[in-house]
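# Working through the structure, step by step
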Amino acid sequence: MRPAALGSFTGVRIALLGSGLLVNLIGFSVYPYLAILLRQRMDLSMDQVGVVLGLTAFVQFAGGAPGAVLAEHLGLRRSLLLAMALQTLGSLGLLAGEVWPPVTVLALMIRSAATALYSPAVRAYTVHGADPDEQPRLVSASYATGNAGIALGPVVGALFINDPGVMFAAAATLHAALTVGHALLPQESRGHTRAVEPLHRALSGLAVLPFTVTALTIYLHLYFYQYLASYAEGRVPTVFYGSAMMGYSLLLVVLQPLLAGRVEQMRYTQAMTIGFGGLAIGMSAFAGGHELTIAAGIVALGVGNSILFLKNVLEALAGTPRSAAVVFGHQRLAEGVGALLSGVVGGVVYQAFETAGHLPGLWLAVAAQCVLLPILVVLVHRRLRHPAPAPVGPR
């Protein structure tokens, strides 16, 4: 790296990158195991667990758009401080949930809202005051450190899944320390604030097909992220599962840059065929229920999602006159819609297969959705864009 490039990474920015890594590590040490935690603490059925997972994921994903607006109004430093204070409160709530189980749900909502505010604020602060040629490497570094936290989190969670109180106590301590650290950040200048778009224009210029396909991608993807831990419990060692989840995150980090050029040249329907085909293969492999099939399924999902996540963003950017920031807000909202559906519908489907004693069939049902739903989405979109002409009656 050139000396000029190194100069972009000031002490404050390095601290923010480290904070992003830790925040994601703490969050994803819990997220893949939430279904197990909720069932153990509250004796919920999986359809009830799904509603909780869907709502918390919706707040975290879709809340990014209002979180960004709030950060503009409050200021980045204040927003980061508020987000970390809420994270600390949420971790304390998860700790208290051992004694008062219903507090667990409230704590999860608080942490999801905190993440929705923290994510846009920390990335904006990281590039604040940077020259245009510095911004790409700063944004790239922010995503890289965040993904590193996502990769490490499931492994850490696997080590403490049988003693979550220790993990939540450590999380509360780390979040409190990070709150103090963010209080020491210098106040950013507010001299170049831009007018915020009125709320009624938030969905203007929405790229409908990429929005719908993104929601569908997340809906299917989160069956894997939200329910595989419960399915794998008792079938494979927890540490293996945590390591496999880490491998999935690292696979995305490696594959997306390698595939970027090819994905850009693909037709959208071709990218959907390969991407959802990878998801279908991966979900089918999970039905095997042992280390080899779960590992193979995760690799197939990694390939499919690497293509779908990237192509959906590129198509959304190309299909609307709105700014890139607005497009990313639209995509974040689509992710929230998909996450909510995955929690609510996925929980019911999981419960049905578990009650019937045919849980491996869940993954075959999800694989069938990976094949059929994208076809349905494309057909409906084409019909809406090119409605059949009305028949001409006799004169």
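The sections below set out a description of the structure shown in this document. Note that the structure is predicted; figures quoted are calculated from it, not measured. (Residues numbered from 1 in each chain as written. Predicted model: local features only at pLDDT ≥ 70, side-chain atom pairs only at ≥ 80, totals over all residues. Heavy atoms only, no water.)

Our next topic: the overall build of the chain. Each helix and strand in the chain was counted, giving 15 helices and 0 strands. Every one of the 395 residues in the chain was classed for burial, and the buried ones make up 48%. Here the contacts in the chain between residues at least 6 apart in sequence split such that 85% fall between residues at least 24 apart. For the chain, the computed accessible surface area is about 18,200 Å², with 69% contributed by carbon and sulfur atoms. (Helix = DSSP H or I, 4+ residues; strand = E, 2+ residues; numbered from the N terminus. Buried < 20%, exposed > 50% of the residue type's maximum accessible area, 1.4 Å probe, protein only. Contact = heavy atoms within 4.5 Å. Areas by Shrake-Rupley, 256 points an atom, 1.4 Å probe, with all protein chains shown as cover.)

Quick look at the packing of helix H6 (residues 76–96) against helix H9 (residues 164–183) now. Close contact between H6 and H9 brings their axes to 8 Å; oriented N to C, the two are set at 165°. Here H6 is positioned roughly antiparallel relative to H9, judged by the angle of their axes. The hand of the H6/H9 crossing is left-handed. Contact with H6, carried on its side by Arg77, Leu80, Leu81, Met84, Ala85, Gln87, Thr88, Ser91, Leu92, Leu94 and Leu95, involves Gly165, Phe168, Ala169, Ala171, Ala172, His175, Ala176, Leu178, Thr179, His182 and Ala183 of H9 and no other residues of that element. Considering only residue class, the contact of H6 with H9 consists of 14 nonpolar, 7 polar and 1 charged. (Axes fitted to C-alpha atoms, helices over the stretch in contact; angles between N-to-C directions. Parallel < 35°, antiparallel > 145°, perpendicular 65-115°, else oblique. Left-handed = near helix turned anticlockwise from the far one by under 90°. Nonpolar A, V, L, I, M, F, W, Y, C, P; charged D, E, K, R; others polar.)

Across the interface, helix H4 (residues 46–62) lies against helix H5 (residues 64–74) with an axial gap of 5 Å and an inter-helix angle of 45°. It follows that H4 is oblique to H5 by the angle criterion. Residues Gln60, Phe61 and Ala62 of H4 pack against Gly64, Ala65 and Pro66 of H5. Considered class by class, the residues forming the contact of H4 with H5 number 4 nonpolar, 2 polar and no charged.

Overall, the coordinates contain 2 salt bridges when judged by the stated rule. With a shortest N-O distance of 2.7 Å, Glu354 and Arg39 are connected by a salt bridge. Placement of Glu354 in helix H14 (residues 324–356) and of Arg39 in helix H3 (residues 34–42) is noted, with a sequence separation of 315 residues between them. A residue is classified by how much of its surface remains accessible, and Glu354, at 30% relative accessible area, is partly exposed. Relative accessible area serves as the criterion here: at 25%, Arg39 is assigned to the partly exposed category. For the salt bridge of Glu315 with Lys311, the shortest nitrogen-to-oxygen distance reads 3.8 Å. Of this pair, Glu315 and Lys311 both sit in helix H13 (residues 291–318), 4 residues apart, roughly one helical turn. According to the relative accessible area criterion, Lys311 is buried, its value standing at 3%. (Salt bridge = Lys/Arg side-chain N within 4 Å of Asp/Glu carboxyl O.)

Here the structure, examined in full by the defined rule, presents 13 aromatic pairs. With a centroid separation of 6.0 Å and 80° between ring planes, the pair formed by Phe28 and Tyr225 is classed as edge-to-face. Note that Phe28 is positioned in helix H2 (residues 11–28) and Tyr225 in helix H10 (residues 208–232), a separation of 197 residues in sequence. Under the relative-accessibility criterion, Phe28 is labelled buried at 16%. Ring geometry for Phe224 against Phe286: centres 5.9 Å apart, planes inclined by 15°, an arrangement best described as stacked. Of the two residues, Phe224 sits in helix H10 while Phe286 sits in helix H12 (residues 268–286), which places them 62 residues apart along the sequence. Every member of this aromatic cluster is reached through a ring pair, and the members are Phe28, Tyr31, Phe224, Tyr225, Tyr231, Tyr248, Phe286 and Trp363. (Phe/Tyr/Trp six-rings, centres within 6.5 Å; stacked < 30°, edge-to-face > 60°.)

Tyr223, Phe224, Tyr225, Met283, Phe286 and Trp363 are the most contacted members of the largest nonpolar core, which has 68 residues in total. Among the elements that make up this core, the one with the highest residue count is H10 (15 residues). Counting 14 residues, the second-largest nonpolar core is a separate cluster that includes Leu76, Leu80, Ala83 and Met84. (Core = buried A, V, L, I, M, F, W, Y, C linked by side-chain atoms within 4.5 Å.)

Now for unusual backbone geometry. Keep in mind that most residues, glycine aside, have a negative phi and that most peptide bonds are trans. One non-glycine residue, Asp43, lies in positive phi territory at about 55°. Mapped onto the secondary structure, Asp43 falls in the loop between H3 and H4.

Before going further, it helps to spend a moment on the side chain of His221. Relative to the assigned elements, His221 resides in helix H10. Not counting chain neighbours up to four residues away, the residues in contact with His221 comprise Tyr248, Asn305 and Phe309.

A few words now on H6. With 21 residues, H6 ought to run about 30 Å at 1.5 Å a step, and its terminal C-alpha atoms sit 30 Å apart, in line with that. Burial in H6 covers these residues: Leu76, Arg77, Ser79, Leu80, Ala83, Met84, Gln87, Thr88, Gly90, Ser91, Gly93 and Leu94. (Expected span 1.5 Å × (residues − 1).)

The next subject is a nonpolar patch on the surface. A cluster of nonpolar side chains, Val51, Leu55, Leu341, Val344 and Val345, forms an exposed patch at the surface whose accessible area comes to about 340 Å². Broken down by secondary-structure element, the contributors of at least two residues to the nonpolar patch are H4 and H14. It is H14 that provides the largest number of residues to the nonpolar patch, a total of 3 residues. (Patch = residues over 30% accessible without salt bridge, like charges linked within 9 Å, V, L, I, M, F, W, Y side chains within 5 Å.)

Turning our eyes to something else, we now look at the side chain of Thr56. For Thr56, the location among the structural elements is in helix H4. Beyond its immediate stretch of four places on either side in the chain, Thr56 contacts Leu108, Met109 and Ser112.

On the secondary structure map, Gly90 appears in helix H6. On a C-alpha basis, the gap between Gly90 and Ala107 in space is 4.4 Å, while along the polypeptide they are 17 residues apart. Not counting residues within four places of it along the chain, the set of residues in contact with Gly90 comprises Ala107, Ile110 and Arg111.

Taking 1.5 Å as the rise per residue, helix H11 (residues 238–265) with 28 residues should run 40 Å; its terminal C-alpha atoms sit 40 Å apart, in good agreement. At Leu259, H11 shows its largest kink, close to 55°. Every buried residue of H11 is listed here: Tyr241, Gly242, Ala244, Met245, Tyr248, Ser249, Leu252, Leu255 and Val263. (Bend = angle between axes of the 7 residues up to and from the residue.)

Nothing here speaks to function; it is geometry throughout.
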